Amino acid sequence: MSVESVDRKLATANPASGTGSKITLNSLKTMRQENRPIAMLTCYDFPTAKILAACGVSILLVGDSAATTVLGENSTIHATMDFMILLTRAVRRGAPDVFVMGDMPFGSYATEEAAVANGKRFMAEAGVDCVKLECDLRHESIVRAMSMAGIPVCAHLGLLPQRAVQQGGYRYQGRTEQESDRLVRESAAMVEAGAQMLLLEAVPDRVSRRIVETVPCLVMGCGAGPSCHGHVLVLHDMLGYSETVPRFVERFGTVPAAVAEAARAYVRAVELREYPQARHGYGVKES
Ligand code: KIV
């Protein structure tokens, strides 16, 4: 499918818009009320945003996972605000009607002032509909300050990749009753502080169900079981780029194989002098 043809389909393809109108927090809430699961994916560039929008993805998360998926770093902590803004602007241009969520990078919300300033940058410079930050109970005042400043917040709870060292590695959370109770408390506290959406990463479905039953807002899951209102995967994991993936990831495609096939065909055509041909060239006008 060409980017132009998916573009033409954009107006009707998205289940959250239906009419080609902008997906908002309200339309996502309506999906929740109508018990329609919400599909969310990470996205980091303009052409992919166009395709994903036309395929019915309701929320595009410009995740700090870009540091690993796009830059090849070994941790998300290498993403910076400027890098995230640049990518998010591209995604917004590619998917003007989709709900776009910007991921606050490591260190960008260490204080209330920094969080508000950087959240505003995401809104004003990249046009996001919401920002996401990795939270625990200590972030209550930060979420409150952002919410008071008019910045819609998604609180990311559970496995927090930016705190992988503090959390003892990339381990699933909510393993014990004590940990589960803490996650339920954190969820309630973030919503009370003004978070308008939660994202639970790598927690048992039993815990997600308790949270979904406790809070009034949308609860998205990333390896958090079927009870969540919607689900997110890292695009590169589900397209087959990542060599190792968490157990909750399902590979829905093998894009690297398609890229390799095209690249091999190109190299062969160049080597055999089959490309370029006369039709690819420019002429010179007779004077
Ligand atoms: O950055 C990211 O891709 C994320 C997802 C794992 C939810 O935060």
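If you're wondering where the values come from, they're calculated on a predicted model, not measured in any experiment.

A. The arrangement of the site of the ligand in detail. The immediate surroundings of the ligand are formed by Thr42, Leu61, Gly63, Asp64, Ser65, Asp103, Lys132, His156, Leu199, Glu201, Cys222 and Val234. Note that an oxygen atom of the ligand is positioned 2.8 Å from one of the side-chain N or O atoms of Lys132. Out of a free accessible area of 260 Å², the ligand has 95% covered by protein chains. Among the cavities detected, the one that contains the ligand is the largest pocket. Looking at the shell around the ligand, its residues break down into four nonpolar, four polar and four charged.

B. Examining the sheet that holds strand 6 (residues 197-201) more closely. The strand order around the closed barrel built from eight strands is 1-2-3-4-5-6-7-8, with neighbouring strands paired in parallel fashion. Across the sheet, the axes of successive neighbouring strands diverge by a mean angle of 25 degrees, strand direction being ignored. One ladder, built from five bridges, connects strand 5 (residues 153-158) with strand 6; its direction is parallel. The partner of His156 across the bridge, within strand 6, is Leu199. Relative to the sheet, helix 7 (residues 140-148) contacts strand 4 (130-134) and strand 5, its axis offset from that of strand 4 by approximately 170 degrees. Sitting on the sheet, helix 8 (residues 177-193) touches strand 5 and strand 6, and the angle it makes with strand 5 is about 170 degrees.

C. Layout of the pairing of strand 7 (residues 218-222). The element strand 7 is largely enclosed, with a buried count of five among its five residues. In strand 7, alternate side chains face the same way, and those of Leu218, Met220 and Cys222 on one face and Val219 and Gly221 on the other are all buried. Here strand 6 runs beside strand 7; their pairing, made up of five bridges, is parallel. Looking at the pairing, Leu199 lines up with Met220 of strand 7. For the crossover from strand 6 across helix 9 (residues 205-214) to strand 7, the handedness is right-handed. In the sheet, strand 7 pairs with strand 8 (residues 230-233) via two bridges, with the strands oriented parallel. The residue of strand 8 that forms the bridge with Met220 is Gly230.

D. Seen up close, the packing of helix 7 against helix 8. The geometry of helix 7 relative to helix 8 is characterised by a closest axis approach of 8 Å and an angle of 30 degrees between their N-to-C directions. Taken together, helix 7 and helix 8 sit at an angle that is classed as roughly parallel. The handedness of the crossing between helix 7 and helix 8 is right-handed. Facing Glu140, Val143, Arg144 and Ser147 of helix 7, the residues of helix 8 in contact are Ala189, Met190, Glu192 and Ala193. Residue classes in the contact of helix 7 with helix 8 are distributed as four nonpolar, one polar and three charged.

E. Just the pattern of salt bridges, in detail. Enumeration over the complete set of coordinates arrives at 13 salt bridges. With a shortest N-O distance of 3.6 Å, Arg209 and Asp205 are connected by a salt bridge. On the criterion of helical spacing, the pair formed by Arg209 and Asp205 is a turn pair, its members being four residues apart in helix 9.

F. Here's a closer look at a nonpolar patch on the surface. Among the surface-exposed residues, Tyr266, Val267, Val270 and Tyr275 lie close enough to one another that they form a single nonpolar patch of about 360 Å² accessible area. Locating Tyr275 in the fold gives a position in the segment after helix 11 (255-271).

About the thresholds
Residues numbered from 1 in each chain as written. Predicted model: local features only at pLDDT ≥ 70, side-chain atom pairs only at ≥ 80, totals over all residues. Heavy atoms only, no water. Near = heavy atom within 4 Å. Polar contact = N/O pair within 3.5 Å; in protein donor to acceptor, adjacent residues only side chain to side chain. Areas by Shrake-Rupley, 256 points an atom, 1.4 Å probe, with all protein chains shown as cover. 1 Å grid on protein atoms, 1.4 Å probe; cavity = no way out; pocket = protein on both sides within 12 Å on 5 of 7 lines; lining within 4 Å. Sits in = over half its atoms within 2 Å of the grid points. Nonpolar A, V, L, I, M, F, W, Y, C, P; charged D, E, K, R; others polar. Pairing = 2+ DSSP bridges. Helix = DSSP H or I, 4+ residues; strand = E, 2+ residues; numbered from the N terminus. Axes fitted to C-alpha atoms, helices over the stretch in contact; angles between N-to-C directions. Contact = heavy atoms within 4.5 Å. Buried < 20%, exposed > 50% of the residue type's maximum accessible area, 1.4 Å probe, protein only. Right-handed = clockwise from strand over helix to strand, strands pointing away. Parallel < 35°, antiparallel > 145°, perpendicular 65-115°, else oblique. Left-handed = near helix turned anticlockwise from the far one by under 90°. Salt bridge = Lys/Arg side-chain N within 4 Å of Asp/Glu carboxyl O. Patch = residues over 30% accessible without salt bridge, like charges linked within 9 Å, V, L, I, M, F, W, Y side chains within 5 Å.

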